[in-house]
Every structure is written in structure tokens, then in C-alpha cells.
Amino acid sequence: MGHVHHVFHNPPPATPTDVLAALDRGELSRALDAMVGAALYGDGDWSELQELYLGLLDHEDRQVKALAATCLGHVARVYRQMDEARVVGALRRLRSTPYVGGAATTALEDIELFLHPRRARWRGRLWRGLRPWTWI
């Protein structure tokens, strides 16, 4: 069994229309790149991206689901706004889903970090203060 070298590449900017078109054509790799490109470089409306990714949380492909969760965290970072109640509720429901739960948990952490930086800072301080005693 040989070793495969993976090379990181930045996906090109994309729009929600590009994402949906690639999914309709069955081009999963292109759709995944477009999802990230739309989240990171989206010059569009944050609410349009939010709706796209919320819808993709129900996609049948687990890669699309997990990346949709990750992209919701990117939207929080890039735009610093979202319909937090809807997004957080959807991501919390996915935390126990196999293959998607980790991405959902990370997205929830990103949302707290970028939408509520003070709360995230205090939670981190509390965690660092309590952590030494948790294993005694």
C-alpha cells in the first residue's frame, strides 16, 4: 500500500448557485469546493449562505452534511452575524450524528467564538482553571 500525498489548495470563490448546480450535476468534489469558496469568499448575503448550508445539513451525502456544518462556522467568522437560534438548534441536533457530529461541535464552538468573543474567552479561562482537577 503506497503513501498518497495530499496537497492543500484554496478553493476558488463561488456562489450558492454554483454549489447547487454542482450538486445537481452530481459533481461532488466541485460542489464541496464551491461550498467552501462561497463561505470564505462570499461577497453575497450572509442569510442566503446560511439558508444554503442549513438546507445542506439534510443532504444524503455525509461529506456534504459535515462540510455544511463547517461552513456555518465560516459564515459566523466571515460575516459575524447569523440567525443564531436556528443555526445553533440545527447544529446541536447533529452533534450525535455519526461522521457529522465533530464538524457540528466545531461549528458551534466557532459560532460562540466569533459571535460572542467575551463569553468564549471566559469559558476558556474557566476550563483552564478547572481542568487540572478534573482527573484527580
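The structure under discussion appears in the preceding block.
Keep in mind it's a predicted model, so treat the numbers as computed, not measured. (Residues numbered from 1 in each chain as written. Predicted model: local features only at pLDDT ≥ 70, side-chain atom pairs only at ≥ 80, totals over all residues. Heavy atoms only, no water.)

A.B. asks: I'd love a proper account of unusual backbone geometry, names of residues and values included.
C.D. replies: Phi at Arg-80 is positive, roughly 60°, even though this residue is not glycine. Here Arg-80 shows up in the loop between α4 (62-79) and α5 (84-94). In this structure, Tyr-99 takes a positive phi of about 75° despite not being glycine. Within the secondary structure, Tyr-99 sits in the loop between α5 and α6 (101-115). (Helix = DSSP H or I, 4+ residues; strand = E, 2+ residues; numbered from the N terminus.)

A.B. asks: Summarise the nonpolar core; cite the residues concerned and give the values.
C.D. replies: Nonpolar side chains tend to gather and get buried jointly when the protein is soluble and globular. One finds Met-35, Tyr-53, Leu-56, Leu-57, Leu-91 and Ile-111 to be the most contacted residues of the largest nonpolar core, which totals 40 residues. For this core, the secondary structure elements donating two or more residues are α1 (16-25), α2 (28-41), α3 (46-56), α4, α5 and α6. By residue number, the principal contributor to this core is α4, which donates 10 residues. (Core = buried A, V, L, I, M, F, W, Y, C linked by side-chain atoms within 4.5 Å. Buried < 20%, exposed > 50% of the residue type's maximum accessible area, 1.4 Å probe, protein only.)

A.B. asks: For the side chain of His-59, give the residues involved together with the corresponding values.
C.D. replies: Within the secondary structure, His-59 is located in the loop between α3 and α4. One polar contact links the side chain of His-59 to the main-chain amide nitrogen of Asp-61, over a distance of 3.0 Å. In this structure His-59 touches Leu-23, Val-64 and Lys-65, once residues within four positions along its chain are discounted. (Polar contact = N/O pair within 3.5 Å; in protein donor to acceptor, adjacent residues only side chain to side chain. Contact = heavy atoms within 4.5 Å.)

A.B. asks: Explain the pattern of salt bridges residue by residue, including any values.
C.D. replies: A full pass over the atoms with the stated rule returns four salt bridges. Two residues, Glu-51 and Arg-86, come together in a salt bridge whose shortest N-O distance is 2.6 Å. Remark: Arg-86 occurs in helix α5 and Glu-51 occurs in helix α3; sequence separation between them is 35 residues. Relative accessible area serves as the criterion here: at 40%, Arg-86 is assigned to the partly exposed category. By sharing partners, the salt bridges in this structure join Arg-25, Glu-27 and Arg-30 into a single network. (Salt bridge = Lys/Arg side-chain N within 4 Å of Asp/Glu carboxyl O.)

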